[in-house]
Amino acid sequence: MSSASRAAPRAAQAAAPPARRPDRRRFADRIALVTALLVPTAVTVWGWQYYVAPLGARLRHDLHGLLRPSGTVGLALGIVALAGFLFLWLYPLRKGLRALAWMGTLGDWLRVHIVFGLSVPLYAAVHAGWRFDGLIGLGYLSMFIVALSGLVGRYLYTHIPRSQSGVELSREEVANQRRSLITDIAAATGRPPLELESVMRVAGGASEALGPLGALRRLLQDDFERRRAISRLRLELAQPRPGRAAIDGRSLGRALGLARQELALSQQVRMLDATRRVFALWHVAHRPFAITALLAVSIHVVVAVLFAGIGAK
Ligand code: HEM
């Protein structure tokens, strides 16, 4: 084994945190989301016969006392939905107010925002007995659109280079990070940086003239290109070279993780201005739906508490 490849695992271990932490965080987020969705999903399955029954038949159904919006289970889910919905607004608050920096990094707050944003509509739907009439139906539609558009927002957000805390990186910081990633990949694989750069090169054109749809299309193409480049690199690195032992699976996995980050950064920086333009447009579209949902939820809660009498039938 050459000294470069012997040094590789140590060098790669030093570089491991940036490669591994995002995976760990993604896993934790998925677990949190599945856990959050478990209760409303279980209630929907349990009360299926009730939810699909016509309105008149629901009133006579055994589960009506529990599952109607003001019933024990329905109301509990409504309170969770309301608390979660209000909690969602802490993200823009944390983002706008520096004084709240002690509450955690923006990146972590956005992760929580996303888990809540994806689960609150389900809690609200089960609370409403899967019926969406009148004003609250309009509010629910807005909430649903915000949550769906959140998926696009998250996609754009992750295509802007950021530190782990969620703060945008400058071009210089990106260039430094890319240099250090290439050095780490070279150390992990024992291959010269120039050779790695040529295997990892991805196609891509200028982004200045791209409109919003063109930019989105290019971002998707870039994701696809990156996957192809990583497959090429995997094949290239897995091939034993004359006089050089084949790279072991662990180092290969690390090198590919680092390469994925390097490629993503190079594509993101090329598309940065176009991505920022689309993201700014996305904010303009996301905000009014979020505010409509907030108004509708507020009116609904006030009406429910003051006039409907939440303990009544
Ligand atoms: C009921 C659901 C949701 C509501 C009410 C809501 C509300 C908001 C609000 C008010 C903002 C700030 C907008 C601004 O600064 O202009 C925001 C930002 C954001 N939300 Fe949501 N959201 C919801 C669901 C989601 C979901 C499901 C996702 C992702 C899957 C998501 C991802 C984002 C992202 C990426 C941002 C922008 C972050 C940034 O620019 O710093 N949201 N959301």
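Just so you know, these numbers come straight off a predicted model, no measurement behind them.

## Brief notes about the site of the ligand
Now for step 1: Inspection of the region around the ligand gives 25 residues, with Tyr91, Lys95, His113, His283 and Arg287 positioned closest.
Now for step 2: The contact in question runs from a nitrogen atom of the ligand to an N or O atom on the side chain of His113, over 2.9 Å.
Now for step 3: A distance of 2.5 Å separates an oxygen atom of the ligand from a polar atom in the side chain of Arg287.
Now for step 4: At the level of secondary structure, the elements contributing two or more residues to the shell around the ligand comprise α6 (72–88), α7 (90–96), α8 (106–127), α9 (134–157) and α14 (272–308).
Now for step 5: Among the elements that line the shell around the ligand, the one with the most residues is α9, at eight residues.
Now for step 6: Classifying every residue of the shell around the ligand gives 16 nonpolar, six polar and three charged.

## Thoughts on the packing of aromatic side chains
Now for step 1: Using the criterion set out here, one finds nine aromatic pairs in the structure.
Now for step 2: Geometrically, the ring pair formed by Tyr140 and Phe144 is stacked, given 6.4 Å between the ring centres and 20° between the ring planes. Highlighted residues: Tyr140 and Phe144, both in helix α9, separated by four residues, approximately one helical turn.
Now for step 3: Under the relative-accessibility criterion, Tyr140 is labelled buried at 14%.
Now for step 4: Clustering of aromatic rings is evident, with ring pairs tying together Trp130, Phe132, Tyr140 and Phe144.
Now for step 5: Sitting over the face of the ring of Tyr50, Arg58 holds its NZ or CZ atom 5.1 Å from the ring centroid.
Now for step 6: Positioned above the aromatic ring of Tyr157, the side-chain terminus of Arg162 is 3.5 Å from the ring centre.

## Overview of the packing of helix α10 (residues 171–189) against helix α11 (residues 193–200)
Now for step 1: At their nearest, the axes of α10 and α11 sit 9 Å apart, and the two run at 105° to each other. Considering the angle they form, α10 stands roughly perpendicular to α11. Counting all contacts with α10, which are made through Ile182, Ile185, Ala186 and Thr189, the residues of α11 involved are Pro193, Leu196, Glu197 and Met200.
Now for step 2: Each residue belonging to the contact of α10 with α11 can be placed in one class, and the counts come to six nonpolar, one polar and one charged.

Procedures and definitions
Residues numbered from 1 in each chain as written. Predicted model: local features only at pLDDT ≥ 70, side-chain atom pairs only at ≥ 80, totals over all residues. Heavy atoms only, no water. Near = heavy atom within 4 Å. Polar contact = N/O pair within 3.5 Å; in protein donor to acceptor, adjacent residues only side chain to side chain. Helix = DSSP H or I, 4+ residues; strand = E, 2+ residues; numbered from the N terminus. Nonpolar A, V, L, I, M, F, W, Y, C, P; charged D, E, K, R; others polar. Phe/Tyr/Trp six-rings, centres within 6.5 Å; stacked < 30°, edge-to-face > 60°. Buried < 20%, exposed > 50% of the residue type's maximum accessible area, 1.4 Å probe, protein only. Lys NZ or Arg CZ within 6 Å of the ring centre and 35° of its normal. Axes fitted to C-alpha atoms, helices over the stretch in contact; angles between N-to-C directions. Parallel < 35°, antiparallel > 145°, perpendicular 65-115°, else oblique. Contact = heavy atoms within 4.5 Å.

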